[in-house]
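# Topology and contacts: notes
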Amino acid sequence: MHDELMLDGNARLNVATFVSTWMEPQADRLMAECADKNMIDKDEYPQTADLEMRCVSILSRLWHAPEAVQATGCSTTGSSEAAMLAGLALKRRWQQRRRAAGAPADRPNLVMGINVQVCWEKFAAYWDVEMRLIPMEGNRLILSAEEAVRHCDENTIGVVAILGSTYDGSYEPVADICQALDEYQKRTGIDVPVHVDGASGAFVAPFVDPDLVWDFRLPRVASINASGHKYGLVYPGVGWAVWRDAEALPEDLIFWVNYLGDNMPTFALNFSRPGAQVIAQYYNFLRLGHCGYRRVQSYAREVATRLAGRIAELGPFELLTRGDQLPVFAFKMRDEIRNFTVFDVSGALRERGWQVPAYQFPKNREDLSALRVVVRRGFTHDLADMLVDDLKKQLPRLEKQHTPQHDRTTASGFHH
């Protein structure tokens, strides 16, 4: 098995993934010591349970939730589960309001941009919610406030705003969306809450964009999800769901179970799951603190923006984003380049071990294909320079091609 696993790619050279690929050896040791701890068994592992709630409290304060005796939230196996929990809370609150008003509650819809992560499609399919996906148009590659409001009605359970699109790393205008929904409520009387999918950005913006208002400072934001295993800097297996207050999480979604000698609440989709990643998250909070996270994320942004600038100088490429929001950027071929594609570039870089994904954009912008680079902790200026050098070495061969060798149907598979 050890020999077979050598055939996997090098995780550190994978600039396709948002998921953490490096942690300190002390964190590795803590995780190994906690590998046998079951997160659900709070009676047997009370200190692990306490550390989980400390993490929730830290995030609640970081995202400016109203002061409360106890923060409202939980850890999950990832941001996808956290998003589904938040979506369920939106649906249940909408149903309760509709039934109290004597109105039908059988046709809920959720408004979001087409650039959302697939977990939202799963949520809509699993829980019978109509997805109102707003397509991209022209240079608008994310959800706008105007389009969000235009698709709302009395059956809208919420609007999902993404703090860091996976296509190009850009933030959606959460404050503008909330303001537009405030005006919509004044006109129509319809109150539409906002959920912020902060899978990546909720661990970036508080540290490097502290003046950006996107979180619970906006009264319309009901809940936020984030990936601890992305820019939370933990290995895969942990996410977070936080609500602005206890009222935002309907009580009938919380179950009380008697398990191994104690009566405890649970409102996650999974039951048994490892506690090691939660311990690693708390380790990062203690080890880095606010200043440490700011240094890590600022360095990632510095690497991303410098790398984006160097790639733009090479000639054949045009930047879509510059890495100055999430430390993520996307770039495409210039329109006059017809003899090779972004898929050819991705394949050429794979020969040196680099995994740089090439994607076709979704509905209404299927004409656009781009490469994307995700800069994470552990990806240094030195590695960025090596990536540029390897790209320079491949360009002469690509430029000699008469026609493209790969398109989205024949390129090595990357799945968004």
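Further up the page is the structure itself.
For the structure given in this document, a descriptive report is provided here. (Residues numbered from 1 in each chain as written. Predicted model: local features only at pLDDT ≥ 70, side-chain atom pairs only at ≥ 80, totals over all residues. Heavy atoms only, no water.)

## Side note on the overall build of the protein
Convention followed: A run of DSSP states H or I qualifies as a helix once it reaches four residues; a run of E qualifies as a strand once it reaches two. Both are numbered from the N-terminal end. A 1.4 Å probe rolled over the protein chains alone gives each residue an accessible area, and that area as a share of the maximum for its type sets the label: buried under 20%, exposed over 50%, partly exposed in between. Contacts are residue-level and defined by heavy atoms, with any inter-residue pair within 4.5 Å sufficient. Each accessible area value is a Shrake-Rupley result obtained with a 1.4 Å probe; residue values ignore everything except the protein chains displayed when judging cover. Charge counting treats Lys and Arg as positive and Asp and Glu as negative, with His and both chain ends excluded. The atom standing in for a charge is NZ when the residue is Lys, CZ when it is Arg, CG when it is Asp and CD when it is Glu.
A count of helical and extended segments in the protein gives 11 helices and 13 strands. In terms of its C-alpha atoms, the protein occupies a principal-axis envelope of roughly 70 × 55 × 40 Å. Burial status across the protein gives 57% buried among its 416 residues. Partitioning the intrachain contacts of the protein with sequence separation of at least 6 by distance along the chain shows that 71% fall at a separation of at least 24. Split by element, the accessible area of the protein, about 18,800 Å² in all, is 49% carbon and sulfur. Charge-centre separation for the protein: the mean point of 46 positive side chains lies 3 Å from the mean point of 54 negative side chains.

## Comments concerning the packing of aromatic side chains
Just so we agree on the cut-off: Each Phe, Tyr or Trp ring, with Trp reduced to its six-membered ring, pairs with another whose centre is within 6.5 Å; inter-plane angles below 30 degrees give stacked pairs, above 60 give edge-to-face pairs, and intermediate values give tilted ones.
Under the criterion given, the structure shown has 14 aromatic pairs. Consider the rings of Trp 63 and Phe 203, whose centres lie 6.4 Å apart with planes at 70°: the pair is edge-to-face. With Trp 63 in the loop between helix 3 (46-62) and strand 1 (72-76) and Phe 203 in the loop between strand 5 (194-197) and helix 8 (205-208), this residue pair connects regions lying 140 residues apart in the sequence. An identical accessibility class is assigned to Trp 63 and Phe 203; each is buried. Aromatic side chains Trp 120 and Phe 123 sit 6.1 Å apart centroid to centroid with 80° between the ring planes, which places their arrangement in the edge-to-face category. One end of the pair, Trp 120, and the other, Phe 123, are both in helix 5 (residues 118-126), three residues apart, so they sit about a helical turn from each other.

## Section: the pattern of salt bridges
As a working rule, side chains carrying opposite charge can pair if their charged atoms are close by. This is how the line gets drawn: When a carboxyl oxygen of Asp or Glu is within 4 Å of a side-chain nitrogen of Lys or Arg, the pair counts as a salt bridge.
Counted according to the given criterion, the structure contains 19 salt bridges. Between Glu 24 and Arg 287 there is a salt bridge, with the nearest N and O atoms lying 3.0 Å from each other. Here Glu 24 is found in the loop between helix 1 (2-5) and helix 2 (25-33), whereas its partner Arg 287 is found in helix 9 (residues 276-312), with 263 residues between them in sequence. Given a relative accessible area of 10%, Glu 24 falls into the buried group. Close ionic contact of Glu 52 with Arg 273 constitutes a salt bridge, the shortest N to O distance being 3.7 Å. Of this pair, Glu 52 sits in helix 3 while Arg 273 sits in the loop between strand 9 (262-266) and helix 9; the two residues are 221 residues apart in sequence, bridging distant segments of the chain. You'll find Glu 52 and Arg 273 in the same group, each marked buried. Members of the salt-bridge network, linked through shared partners, are Glu 130, Arg 132 and Asp 153.

## Examining the nonpolar core
Applied cut-off: Among the buried residues, those of types Ala, Val, Leu, Ile, Met, Phe, Trp, Tyr and Cys that are joined through side-chain atoms within 4.5 Å form a nonpolar core.
In terms of nonpolar packing, the biggest core is built from 66 residues, with Trp 63, Val 159, Val 174, Ile 177, Val 194, Trp 214 and Val 221 touching the most fellow members. Among the elements that line this core, the one with the most residues is helix 9, at 10 residues.

## Let's talk about the pairing of strand 5
Stated formally: In short, DSSP must find at least two bridges between two strands for them to pair. When the strands point away from the viewer and the path from the first strand over the helix to the second turns clockwise, the crossover is right-handed.
Going residue by residue along strand 5, you find Val 194 and Val 196 tucked away on one face and His 195 and Asp 197 tucked away on the opposite face as well. Here four bridges tie strand 4 (residues 156-162) to strand 5, and the two strands are oriented parallel to one another. Opposite Val 159, over in strand 5, you have Val 194 as the bridge partner. Regarding the hand of the β-α-β motif, the stretch spanning strand 4, helix 7 (residues 174-188) and strand 5 is right-handed. In this structure, strand 5 lies alongside strand 6 (residues 221-227), joined through four bridges in parallel fashion. Bridging across to strand 6, Val 194 finds its partner in Val 221.

## Some points on the sheet that holds strand 13 (residues 369-374)
Operational definition: Note on method: axes are straight lines fitted to C-alpha atoms, helices fitted across the in-contact stretch only, with angles between N-to-C directions ranging 0 to 180 degrees.
Strands sit in the order 10-11-13-12 across an open sheet of four strands; the sheet is antiparallel. Here the strands that pair on one side only, and so sit at the sheet edges, are strand 10 (317-319) and strand 12 (358-360). Pairwise comparison of adjacent strand axes, ignoring direction, gives a mean angle of 40° for this sheet. Pairing analysis gives four bridges linking strand 11 (residues 328-333) to strand 13, with the strands arranged antiparallel. Residue pairing for strand 13: Phe 331 is matched across the bridge by Leu 371. Across the sheet, helix 9 lies against strand 10, strand 11 and strand 13, angled at about 10° from strand 11, the strand it touches most.

## Here we look at the packing of helix 2 against helix 9
Defined as follows: Note on convention: near helix rotated counterclockwise from far helix by under a right angle means a left-handed crossing. Clockwise means right-handed. Only Asp, Glu, Lys and Arg are considered charged in this grouping, and only Ala, Val, Leu, Ile, Met, Phe, Trp, Tyr, Cys and Pro are considered nonpolar; every other residue, Gly among them, is considered polar.
Direction vectors running N to C along helix 2 and helix 9 enclose 150°, while the axes themselves pass 8 Å from each other. Regarding helix 2 and helix 9, the two cross each other, and that crossing is right-handed. Where helix 2 approaches helix 9, its residues Gln 26, Ala 27, Leu 30 and Met 31 are matched on the opposing element by Ala 276, Gln 277, Ile 279, Ala 280 and Tyr 283. Looking at the contact of helix 2 with helix 9 residue by residue, the classes come out as seven nonpolar, two polar and no charged.

## A short note on empty space enclosed by the protein
Put simply, the rule reads: A cavity here means a set of 1 Å grid points, computed over protein atoms only, where a 1.4 Å probe fits but cannot escape. A pocket is an open set with protein on both sides within 12 Å along at least 5 of 7 lines, and lining residues have an atom within 4 Å of a point. Grid points are joined across faces, edges and corners, and a volume is the space filled by probe spheres set on the points.
Under the counting rule described, the total for this entry stands at four cavities of 30 Å³ or more. In terms of lining residues, the largest cavity is bounded by Phe 18, Ser 20, Thr 21, Trp 22, Lys 230, Tyr 231, Leu 233, Arg 376 and Arg 377. Classifying every residue of the lining of the largest cavity by side-chain character gives four nonpolar, two polar and three charged.

## Observations concerning the state of the cysteines
Note the threshold: Disulfide: a pair of cysteine sulfur atoms within 2.5 Å of each other.
Under the definition given, this model contains zero disulfides. Cys 34 takes part in no disulfide bond, and the closest cysteine sulfur, belonging to Cys 55, lies 12 Å away. Here Cys 119 stays free of any disulfide, with the sulfur of Cys 74 as its closest cysteine sulfur at 15 Å. Residue Cys 119 is classed as buried on the basis of its relative accessible area, which comes to 4%.

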